Amino acid sequence: MIENTRISFLNVKNLKANLVYSKFLAYESDILYLSELWCKQNEINLIKSLDHDNKSKNILFKSDIDNNYKKGRPFGGQSWVLNKSYIIIKHEFLNRHLSYIQVKKNGLEFAIIG
């Protein structure tokens, strides 16, 4: 039921520096939206580590950093971490600060903007 859905949002401000808390939120939440990850595209394994058992979550990730970027870490990057009991109907990363997901569970469809 939707009444028992735990949804969390966090501006991470560097996933590497806040990985422990981000993992806690991913574990405790049914749906989690993270922004300002500051992760490169090739750091997908860091994002996948948010799923504590590597099989209970669906993870959507969009980096805003090119793998060839050498100077510091620019802001940006988004991720959705959802329990697999939520069917992802549609999602889109609209720009570096905005995205949405449309999901379905128990016959109920809803959209969340992050």
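Below: a short report on this structure. Just so we're clear, the structure is a prediction, and the values are computed from it rather than from any experiment.

**Some remarks on helix H1 (residues 19-28)**
Okay, step 1: Within H1, the full set of buried residues consists of Leu 19, Ser 22, Leu 25 and Ala 26. When H1 is viewed along its axis, its buried side chains cluster within an angular range of 125 degrees and face the same direction.
Okay, step 2: Buried positions along H1 lie against strand S1 (7-11), strand S2 (31-35), helix H2 (44-48), strand S3 (57-62) and strand S4 (78-83).

**So, the packing of aromatic side chains**
Each aromatic ring pair is summarised here by two numbers: the centre-to-centre distance and the angle between the ring planes.
Okay, step 1: If you walk through the whole model with that rule in mind, you get 5 aromatic pairs.
Okay, step 2: Ring pairs connect the aromatic residues Phe 9, Tyr 33 and Trp 80, which therefore count as one cluster.

**Describing the sheet that holds strand S5 (residues 87-95)**
Within a sheet, each strand pairs with its neighbour through backbone hydrogen bonds, oriented either parallel or antiparallel.
Okay, step 1: Within the open sheet, the 3 strands sit side by side as S5-S6-S7. Their pairing is antiparallel. With partners counted over all chains shown, the strands left at the sheet margins are S5 and strand S7 (108-113), one partner each. Strand-to-strand twist of the sheet, defined as the mean angle between neighbouring strand axes without regard to direction, takes the value 10 degrees.
Okay, step 2: Summarising the sheet, S5 and strand S6 (residues 98-105) pair through 7 bridges and their orientation is antiparallel. Paired with Lys 90 across the bridge in S6 is Gln 102.

What counts, and at which threshold
- Per-chain numbering applies: the sequence of each chain, read as written, is numbered from 1 onward.
- Local features in a predicted model are, by the rule used here, given only for residues with pLDDT of at least 70; side-chain atom pairs are given and counted only at 80 or more, and totals for whole chains, interfaces and linings are based on all residues.
- Calculation of side-chain values draws on the structure's entire complement of heavy atoms; hydrogens and water are dropped beforehand.
- A simple rule labels every residue: compare its accessible area, found with a 1.4 Å probe on the protein chains alone, to the largest value its type can have, and call it buried under 20%, exposed over 50%, or partly exposed in between.
- Helix and strand definitions follow DSSP, with helices as H or I runs of at least four residues and strands as E runs of at least two, each counted in order from the N terminus.
- By definition, the arc is the one covered by directions from the helix axis to the C-beta atoms.
- When checking whether two residues touch, look at their non-hydrogen atoms; a contact exists if any pair is within 4.5 Å.
- Only rings of Phe, Tyr and Trp enter the pairing, Trp through its six-membered ring, and a pair is recorded when the two centres are within 6.5 Å. The plane angle decides the type: under 30 degrees is stacked, over 60 is edge-to-face, the rest tilted.
- DSSP bridges decide pairing: two strands pair if at least two such bridges lie between them.
- Only the stretch in contact is used when fitting a helix axis, every axis being a line fitted to C-alpha atoms; angles between N-to-C directions are given from 0 to 180 degrees.

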